[in-house]
2 protein chains.
Amino acid sequence: MTFALEPERIIRLDADRVVMLDQRRLPDEEVELACRSAAEVADAIRSMAVRGAPAIGIAAAYGYALAVERGEDPAEASALLEAARPTAANLAWALREVRAAPDPMARARELHVEEVDRCRQMSSHAASLLAPGTRALTHCNTGGLATGGQGTALGALREAWARGLLQHVLVDETRPLLQGARLTAWELEAEGIPHTVVADSAAGSLLARGEVHCVLVGADRIAANGDTANKIGTYPLAVVAARHQVPFFVVAPTSTIDPETATGAEIPIEERDPGEVNARFPALNPAFDVTPAELITAIVTERGVHRPPYAETLPREVAA
Amino acid sequence: MTFALEPERIIRLDADRVVMLDQRRLPDEEVELACRSAAEVADAIRSMAVRGAPAIGIAAAYGYALAVERGEDPAEASALLEAARPTAANLAWALREVRAAPDPMARARELHVEEVDRCRQMSSHAASLLAPGTRALTHCNTGGLATGGQGTALGALREAWARGLLQHVLVDETRPLLQGARLTAWELEAEGIPHTVVADSAAGSLLARGEVHCVLVGADRIAANGDTANKIGTYPLAVVAARHQVPFFVVAPTSTIDPETATGAEIPIEERDPGEVNARFPALNPAFDVTPAELITAIVTERGVHRPPYAETLPREVAA
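The rules behind the values
- Residues numbered from 1 in each chain as written.
- Chains lettered and ligands numbered in written order.
- Predicted model: local features only at pLDDT ≥ 70, side-chain atom pairs only at ≥ 80, totals over all residues.
- Heavy atoms only, no water.
- Helix = DSSP H or I, 4+ residues; strand = E, 2+ residues; numbered from the N terminus.
- Rg over C-alpha atoms; globule rule 2.2 N^0.38 Å.
- Buried < 20%, exposed > 50% of the residue type's maximum accessible area, 1.4 Å probe, protein only.
- Contact = heavy atoms within 4.5 Å.
- Areas by Shrake-Rupley, 256 points an atom, 1.4 Å probe, with all protein chains shown as cover.
- Pairing = 2+ DSSP bridges.
- Expected span 1.5 Å × (residues − 1).
- Bend = angle between axes of the 7 residues up to and from the residue.
- Buried area = accessible area lost by both parts, 1.4 Å probe.
- Salt bridge = Lys/Arg side-chain N within 4 Å of Asp/Glu carboxyl O.
- Least-squares fit on C-alpha atoms with pLDDT ≥ 70 in both.
- Axes fitted to C-alpha atoms, helices over the stretch in contact; angles between N-to-C directions.

Peer 1: What should I look at first to understand the overall build of chain A in this one?
Peer 2: Helix and strand counts for chain A stand at 12 helices and 14 strands. Its C-alpha atoms give chain A a radius of gyration of 18 Å, within 12% of the compact-globule value 20 Å for 320 residues. Projected onto its principal axes, the C-alpha coordinates of chain A cover approximately 60 × 45 × 45 Å. Every one of the 320 residues in chain A was classed for burial, and the buried ones make up 63%. Contacts spanning at least 24 positions in sequence make up 74% of the contacts within chain A whose residues lie at least 6 apart. Only carbon and sulfur atoms are counted for the fraction: they give 51% of the accessible area of chain A, which is about 10,600 Å².

Okay, structure coming up:
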């Protein structure tokens, strides 16, 4: 399968810097951002120059490796990077991996290569769930930009397109930062996959009108029971999909599963700057919501398709 | 009850023009728009300089009266105004009223006065449904700007605030045109009512977290069976509210009820310019969705509180 967005274009570790495509400036400009310390990488994660749970894991791993190389205090660098964003399980997981490695730089590069591979595997498993002629709806961005590979939910859609199964992708614009309208649409355009952007609040009536055959989303943290934290707006989408018996698939690497978190109620939800929503009036800006396991048709990881009851079917050996 | 936004400031008929507060430029600028023909009023309605089902009814009535006064062809003026937007029942209803009147100018002014009065009555009925300490969520703008009076759903919240029943209003920003973030927040600020703007997609998790005691919305057309067309995003809100047993109230004048439309499936849904959603990628922009009657706890009009089954309880003598 071809993949227009090369992993090293999304994020890479050069000798003295972590270089990433600055996602805040897409789709208008394709500009690289160079981070020269753990603090600069943490800033890039916090400000969402790089975002998406797997991608911030890779960024943090690269940031840690860079810090060690530069002689920064490793514990301090790790703490700084881990605190950049609270919800994604992959961030802490990737940092544990590089901290435990004799050569953090080699391990960070290996993690990225592994992530590309995991994306390929989960995309293949998830694509096998789709029927020919699928009109899929997705939320936020779960593509190359979010993973450093071909993507999770969007990777599955890429694979489905390559297999001739996909007819069209409906893309929630994903307020307030418009990851759908800016990033997912940009990736789909690059691959020539037919797509239409809609306001988040329009997805409900598209589901009601039978215009959506399935919903695919990524995840930032999956609790041991299958409850899934993902970009704000995922939960209402799952509720409406369930009402119309539209399958709702979560696609994520096993590093997103956190067996230490028993249920969604214990997942910390990041509150971001209200100014991202509204600069003029008081606002609230929760970045994620929790979709209860009962609304999720299947959770697809690189190991395969997991069905309810997730407490029994999810892999347990990761992210702990 | 005081009301900071005077009806004639929202819209009025002067000797040779219809003058309205240009809602496209709020909250940044308070600028009046003067329309000197039926065509100019139709343009103002289409481009949403004036919006909200009751307010566009008043605007159309004023536009028709102005056209007659100027010697325009009355049938042509009426057709032009009625075609400006397809979903709101009040537009056709108001035009029928002024067409049938011996003095259209007097009848148009009277319609506006009656609308102010209807707002007051339905606000009073709806406020009686709220308990002390209410945290309410609302969508779009249903205030003075939408009605020429104190509002429908937002009028009820004003009345609840005056009665000391209201603690806080959560305001959906209402993409793509941000009527909540621009107009509802502006009206609430003017009245000193505590409010918080949220992305439309954040309302779901606020409902799930028990932070919303009831949802109040307006309506653009109510079918004979109670199915209700309202601003896009109303339907998913109603679905999630029902899941959490949060009361969902529709507040609208009887002129919004269209007994000629049997069910929501027959309500024409306006598709607006995709450029309002996204200027860079393909987009879809349905302006309304339909909430089935079964998800609506009560429909409140100036005549009182109507409960299911709406086919039996809704007033029938209007909008036909």
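Structure shown, so let's carry the discussion forward.
Peer 1: In this structure, what is going on with the sheet that holds strand 9 (residues 228-231) of chain B? I would like to understand it.
Peer 2: Hydrogen bonds along the backbone pair up the strands of a sheet, which may run parallel or antiparallel. Residue and element names in this part refer to chain B. The mixed open sheet is built from four strands, whose spatial order is 11-8-9-12. Strand pairing shows two members of the sheet lacking a second neighbour, strand 11 (257-258) and strand 12 (288-291), which therefore form its edges. Examined bridge by bridge, strand 8 (residues 221-223) and strand 9 share two bridges and lie antiparallel to one another. From the neighbouring strand, arginine 221 faces strand 9, where its bridge partner is alanine 229.

Peer 1: Just to check I follow, could you spell out helix 9 (residues 179-191) of chain B for this structure?
Peer 2: Residues separated by three or four positions in an α-helix point in the same direction, a consequence of the helix having 3.6 residues per turn. Residue and element names in this part refer to chain B. Over its 13 residues, helix 9 runs 17 Å from end to end, which matches the ideal 18 Å to within 8%, given 1.5 Å per residue. A maximum bend of about 25° is found in helix 9 at alanine 185. Most of helix 9 sits inside the fold, with 11 of its 13 residues counted as buried. Every buried residue of helix 9 is accounted for by Gln179, Gly180, Ala181, Arg182, Leu183, Thr184, Ala185, Trp186, Glu187, Leu188 and Glu191. Where helix 9 terminates, the next one or two residues include glycine 192, which has phi positive at roughly 70°.

Peer 1: Whenever I open this one, the interface of chain B and chain A confuses me. Can you help?
Peer 2: How large an interface is tends to be reported as the accessible area lost when its parts come together. Contact with chain B, which involves 42 residues of that partner, is made by 42 residues of chain A. A per-residue breakdown of the area chain B buries against chain A is headed by Ser201, Arg243 and Phe281 of chain B, which together make up 18% of the total. Along the contact surface separating chain B from chain A lie six salt bridges. Between glutamate 294 of chain A and arginine 243 of chain B there is a salt bridge, and its shortest N-O distance comes to 3.4 Å.

Peer 1: When you look at the relation of the copies chain B and chain A in this model, what are you seeing that I'm missing?
Peer 2: The operation relating the two chain copies consists of a rotation about an axis and a shift along that axis. The two copies are related by a screw motion: chain B maps onto chain A through a turn of 180° and a shift of 0.0 Å along the axis, at an RMSD of 0.0 Å. This pairing of chains is accounted for by a two-fold axis. Here 100% of the interface residues in chain B have copies in chain A that are interface residues too; the copies meet face to matching face.

Peer 1: Explanation requested: the sheet that holds strand 3 (residues 32-35) of chain B in the structure shown.
Peer 2: Residue and element names in this part refer to chain B. Read from one edge to the other, the open sheet built from three strands follows the order 1-2-3, with strand pairing classed as antiparallel. Two strands close off the open sheet at either side, each with one partner strand: strand 1 (11-13) and strand 3. The average undirected angle you get between the axes of adjacent strands in this sheet is 15°. Pairing between strand 2 (residues 18-21) and strand 3: four bridges, direction antiparallel. Bridge pairing in strand 3 links valine 19 to alanine 34.

Peer 1: Please explain unusual backbone geometry as it appears in this structure.
Peer 2: For residues other than glycine, phi is negative in most cases, and the peptide bonds are mostly trans. Omega for the peptide link from proline 308 of chain A to proline 309 of chain A comes to 0°, which places this bond in the cis form. Relative to the helices and strands, proline 309 of chain A is located in the loop between strand 14 (304-306) and helix 12 (310-313). Positive phi outside glycine occurs at cysteine 140 of chain B, with the angle close to 60°.

Peer 1: Looking at this model, I keep getting lost on the pattern of salt bridges. Mind explaining?
Peer 2: Scanning the model with the defined rule gives 52 salt bridges over all chains in all. Across the pair arginine 175 of chain A and glutamate 173 of chain B runs a salt bridge whose closest N-O atoms are separated by 2.6 Å. On the criterion of chain membership, the pair formed by arginine 175 of chain A in the loop between strand 5 (166-172) and helix 9 (179-191) and glutamate 173 of chain B in the loop between strand 5 (166-172) and helix 9 is interchain, its members lying in two chains. The class for arginine 175 of chain A is buried, based on a relative accessible area of 11%. The partner of arginine 158 of chain B in a salt bridge is glutamate 187 of chain B, and the shortest N-O contact between them spans 2.8 Å. Here the residue arginine 158 of chain B occupies a position in helix 8 (residues 153-162), and glutamate 187 of chain B occupies one in helix 9, the gap between them amounting to 29 residues. The exposure class of arginine 158 of chain B is buried, given its relative accessible area of 3%. The class for glutamate 187 of chain B is buried, based on a relative accessible area of 1%. Connected through shared salt-bridge partners, Glu97, Arg107, Glu110, Glu114, Glu115 and Arg118 of chain A make up one network.

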